[in-house]
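The residues making up each chain are set out below.
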Amino acid sequence: MTVASQVQGLLISLQSIDAILSSLAVKTKEREAREAFHQSALKTRTVIKEIQKRKGQIEFEEPEYQQT
């Protein structure tokens, strides 16, 4: 398994976590909990964007992704 494929698995997991947090934010009635879920989802999205950038760098650097 390449590093890029491991990073892709991480991205899928993070996207799942984001979806769960967003769903909880919508379903939760308590205002403070709803806000906490929403803030956590926003932070997760920031991490996702950073990991996506890093995945692009890895794919550029790893030889199996380079066309010959």
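Just so it is clear, the model here is predicted, and its values are computed rather than measured.

Observations regarding helix H2 (residues 31-61)
Each turn of an α-helix holds 3.6 residues, which means side chains three or four residues apart point in the same direction. With 31 residues, H2 extends 45 Å from end C-alpha to end C-alpha; this agrees with the ideal 45 Å at 1.5 Å per step. Structurally, H2 contributes buried residues whose contacts are with helix H1 (3-27).

Points about the packing of H1 against H2
Packing of H1 against H2 leaves a shortest axis separation of 9 Å and a crossing angle of 165 degrees. Our classification of the angle between H1 and H2 gives roughly antiparallel. Seen along the crossing, H1 lies across H2 with a hand that is left-handed. When its residues are assigned to classes, the contact of H1 with H2 shows 16 nonpolar, 7 polar and 5 charged.

What about the pattern of salt bridges?
Tallied over the full model, the rule gives 3 salt bridges. Put simply, Asp18 and Arg45 hold a salt bridge, and the shortest N to O gap is 3.0 Å. Linking Asp18 in helix H1 with Arg45 in helix H2, this pair joins segments that are 27 residues apart in sequence. Relative accessible area serves as the criterion here: at 14%, Asp18 is assigned to the buried category. Two residues, Glu50 and Lys53, come together in a salt bridge whose shortest N-O distance is 3.5 Å. Placement of the pair is Glu50 and Lys53 together in helix H2, with a separation of 3 residues, close to one helical turn. Its relative accessible area of 53% is what places Lys53 among the exposed residues.

Notes on the environment of Glu61
Tracing the chain through its elements places Glu61 in helix H2. In sequence terms Glu61 and Ala36 are 25 residues apart; their C-alpha atoms lie 38 Å from each other.

Looking at the environment of Ile58
Along the polypeptide, Ile58 turns up in helix H2. Residue classification places Ile58 among the buried positions, given a relative accessible area of 7%. Ignoring sequence-local partners within four residues, the contact set of Ile58 consists of Val3, Ala4 and Val7.

The rules behind each value
Residues numbered from 1 in each chain as written. Predicted model: local features only at pLDDT ≥ 70, side-chain atom pairs only at ≥ 80, totals over all residues. Heavy atoms only, no water. Helix = DSSP H or I, 4+ residues; strand = E, 2+ residues; numbered from the N terminus. Expected span 1.5 Å × (residues − 1). Contact = heavy atoms within 4.5 Å. Axes fitted to C-alpha atoms, helices over the stretch in contact; angles between N-to-C directions. Parallel < 35°, antiparallel > 145°, perpendicular 65-115°, else oblique. Left-handed = near helix turned anticlockwise from the far one by under 90°. Nonpolar A, V, L, I, M, F, W, Y, C, P; charged D, E, K, R; others polar. Salt bridge = Lys/Arg side-chain N within 4 Å of Asp/Glu carboxyl O. Buried < 20%, exposed > 50% of the residue type's maximum accessible area, 1.4 Å probe, protein only.

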